[in-house]
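Here is how the chains run, residue by residue.
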Amino acid sequence: MKRFVGTTAVRSVHFSYVPDTPDPKHGSTTRMNLFQSITSALDVCLGKDPTAVIFGEDVAFGGVFRCTVGLRDKYGEARVFNSPLSEQGIVAFGIGMAIAGSTAIAEIQFADYIFPAFDQLRNEAAMFRYRTGNQFDCGRLTVRAPCMAVGHGALYHSQSVEAFFGHCPGLKVVIPRGPIQAKGLLLSCIRDENPCIFFEPKILYRAAIEEVPTGDYELPLSKASVLLEGSDVTLIGWGTQVHVLREVAAMAQDKLNVSCELIDLCTILPWDKDTVLASAAKTGRVLISHEAPVTMGFGAELAATIQSECFLNLEAPIERVCGYDTPFPHVFEPFYMPDKWRCLEAVKRLVNF
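Residues numbered from 1 in each chain as written. Predicted model: local features only at pLDDT ≥ 70, side-chain atom pairs only at ≥ 80, totals over all residues. Heavy atoms only, no water.

What am I meant to see in the side chain of Gln241 here?
Along the polypeptide, Gln241 turns up in helix α9 (residues 241-256). Classification of Gln241 as buried rests on a relative accessible area of 1%. Ignoring anything within four residues of it in the chain, the contact list for Gln241 reads Ser289, His290, Glu291, Pro338 and Cys343. (Helix = DSSP H or I, 4+ residues; strand = E, 2+ residues; numbered from the N terminus. Buried < 20%, exposed > 50% of the residue type's maximum accessible area, 1.4 Å probe, protein only. Contact = heavy atoms within 4.5 Å.)

So, in structure tokens, the structure goes:
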């Protein structure tokens, strides 16, 4: 379904966005959507770090999602430049730049096309510190990529690929839920001593709008956020799915009188076990939801850990509401998505077990 604003078609989203409130300690704010907060983070980095460079397909003119708009004009073509159409080459170049001492920020235009670079990320970036006995590393590498459903992306512009990289010790994998988080987490990734992959839910680029601090601030990696306190069921998600689960929590309270605790995992690798396990032990019921296919999705790792560590606390089997084990469909996307209705049915199963 589309609606029109002026001459621009805007697709209806499958969730309601609730903005975060900025922390006053981070200073003055301005209204930004998610892609503008990404631009702001990159601007801060380029302005403070003379070794920082940004490269990827079409980034010089601003990128297909406009995340780098204006940066080449401000910092010059030697620091913000286009790459060849080669994801393997983009990441390999970034690894080399990082090893040589630069802060390398690479963009993969869509997460769906990151797989030609998988060998470079898995066998080179993730392992370089270990294989050299900590003599060398490429910890100054950050790879950005838009991910997840957008409403019309079909097979090659909708995938959630985080679980592939959750099996790569040596990398950090991060997914923000909104503009405030995106800026703070991206700056933390850029400055982290390990190579990071920063996945950006593309439907949120324009759908998510918040008052974002204009200055320099960082948010901690590997720290989950408890967005809603609850006593009956723990809901766990990341990226766009957090906003779906927020609606589920409200529906569960209204329709079932069930109190849900909502956790945004934020960092996929290394993930925050302490926060998740404490919540699971408290509520005794857990629902994990993500857009990626259910088989071997990252939710399986969470479920296995919760079962192992909180077995005696659980009141019901852990529920996973995820994408199906099919290629991501086009016209059938509404049926594929783990929407609020599928999640609410899972909550019913948990409390009625």
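Could you clarify how one ought to interpret the pattern of salt bridges in this entry?
Pairing between side chains becomes possible if they bear opposite charge and their charged atoms approach one another. Under the criterion given, the structure shown has 18 salt bridges. When the shortest N-O distance is used, the salt bridge between Asp20 and Arg177 registers 2.9 Å. Linking Asp20 in the loop between β2 (8-11) and β3 (29-33) with Arg177 in the loop between β8 (172-174) and α7 (179-191), this pair joins segments that are 157 residues apart in sequence. There is no split in this pair, since Asp20 and Arg177 are both buried. For Arg191, the salt bridge identified is with Glu218, shortest N-O distance 3.0 Å. (Salt bridge = Lys/Arg side-chain N within 4 Å of Asp/Glu carboxyl O.)

Any chance you could explain the environment of Asp232 here in plain terms?
Summarising the element assignment, Asp232 is placed in the loop between β11 (225-228) and β12 (233-237). When the C-alpha atoms of Asp232 and Thr132 are compared, they prove to be 48 Å apart, with 100 residues separating the residues in sequence.

Would you take a moment to explain the environment of Ile54 for this structure?
With respect to the secondary-structure elements, Ile54 resides in strand β4 (residues 52-56). Given a relative accessible area of 0%, Ile54 falls into the buried group. Put simply, Ile54 and Ile318 are 264 residues apart on the chain and 42 Å apart in space, counted from C-alpha to C-alpha. Apart from residues no more than four positions distant in its own chain, Ile54 is found in contact with Leu42, Leu46, Val59, Thr68, Leu71, Arg79, Val80, Phe81 and Ile105.

I keep staring at the sheet that holds strand β13 (residues 260-264) and nothing clicks. Help me out?
Strand pairing in a sheet relies on backbone hydrogen bonds, with the paired strands running either antiparallel or parallel. One open sheet holds the five strands; their spatial order is β11-β13-β12-β15-β16, and the pairing between them is mixed. Of all strands in the sheet, those bounded by a partner on one side alone are β11 and β16 (319-323). For this sheet, the mean inter-axis angle between neighbouring strands, taken without regard to orientation, is 25 degrees. Judged from the five bridges that link them, β12 and β13 form a sheet pairing that is parallel. Looking across to β13, one finds that Gly237 is bridged to Asp264. (Pairing = 2+ DSSP bridges. Axes fitted to C-alpha atoms, helices over the stretch in contact; angles between N-to-C directions.)

What's the story with the nonpolar core in this structure? I'm lost.
General note: in soluble globular proteins, nonpolar side chains tend to be found buried as a group. The biggest cluster of nonpolar side chains holds 60 residues, and the ones touching the most others in it are Ile38, Leu42, Phe198, Leu235, Leu287 and Val347. Excluding residues that lie within four positions of it along the chain, Val347 makes contacts with Val233, Leu235, Val248, Ala252, Leu256, Val258 and Leu287. One finds Met97, Ala117, Ile263 and Ile288 within the second-largest nonpolar core, a separate group that totals 50 residues. (Core = buried A, V, L, I, M, F, W, Y, C linked by side-chain atoms within 4.5 Å.)

Can you help me understand the pairing of β4 in this one?
Remember that side chains alternate between the two faces of the sheet whenever the strand is regular. The element β4 is largely enclosed, with a buried count of five among its five residues. Of the two faces of β4, the one holding Ala52, Ile54 and Gly56 and the one holding Val53 and Phe55 are both buried throughout. Where β4 lies against strand β6 (residues 103-107), five bridges are found, and the strand directions are parallel. When the bridges of β6 are listed, Ile54 appears paired with Ile105. Inspection of the sheet shows β4 paired to strand β5 (residues 80-82) by three bridges, in the parallel sense. Opposite Gly56, over in β5, you have Asn82 as the bridge partner.

Quick question: what am I supposed to make of the packing of helix α1 (residues 34-48) against α7 here?
Each packed pair of helices is defined by two parameters, the angle between the axes and the distance between the axes. Packing of α1 against α7 brings their axes to within 8 Å, and their N-to-C directions diverge by 30 degrees. Seen from above, α1 lies across α7 with right-handed handedness. Facing α1, whose interface residues are Leu34, Ser37, Ile38, Ser40, Ala41, Leu42, Val44, Cys45 and Lys48, α7 presents Pro179, Ala182, Lys183, Leu186, Leu187, Ile190 and Arg191. Grouping the amino acids of the contact of α1 with α7 by side-chain chemistry returns eleven nonpolar, two polar and three charged. (Left-handed = near helix turned anticlockwise from the far one by under 90°. Nonpolar A, V, L, I, M, F, W, Y, C, P; charged D, E, K, R; others polar.)

How should helix α4 (residues 118-125) be read in this particular structure?
Note: α-helices contain 3.6 residues per turn, so residues at a spacing of three or four share the same orientation. Within α4, the full set of buried residues consists of Gln120, Leu121 and Ala125. Here the buried residues of α4 occupy an arc of 95 degrees about the axis, which is enough to place them on one side. The elements touched by buried residues of α4 are α3 (87-99), α5 (128-131), β7 (141-147), α6 (162-165) and β9 (196-201). (Arc of directions from axis to C-beta.)

Hey, could you run me through the pairing of strand β15 (residues 286-293) in this one?
Counted residue by residue, β15 has seven buried out of eight residues, so it is predominantly covered. Of the strand pairs in this sheet, β12 and β15 are connected by three bridges, and their pairing is parallel. Bridge pairing in β15 places Leu235 opposite Leu287. Sheet topology note: the β15/β16 ladder contains five bridges and is parallel. Bridging from a neighbouring strand, Pro293 pairs with Gly323 of β16. A crossover links β15 with its parallel partner β16, the connecting element being helix α11 (residues 298-310), and its sense is right-handed. (Right-handed = clockwise from strand over helix to strand, strands pointing away.)

Help me understand the packing of α3 against α4, please; the structure alone is not making it clear to me.
Viewed as axis vectors pointing N to C, α3 and α4 meet at an angle of 25 degrees, and their least axial separation amounts to 8 Å. When the axis of α3 is compared with that of α4, the two are roughly parallel. Contacts from Gln88, Val91, Ala92 and Ile95 in α3 reach Gln120, Leu121, Glu124 and Ala125 in α4. Of the residues contributing to the contact of α3 with α4, the split by class is five nonpolar, two polar and one charged. (Parallel < 35°, antiparallel > 145°, perpendicular 65-115°, else oblique.)

So yeah, pure geometry; function would need other evidence.
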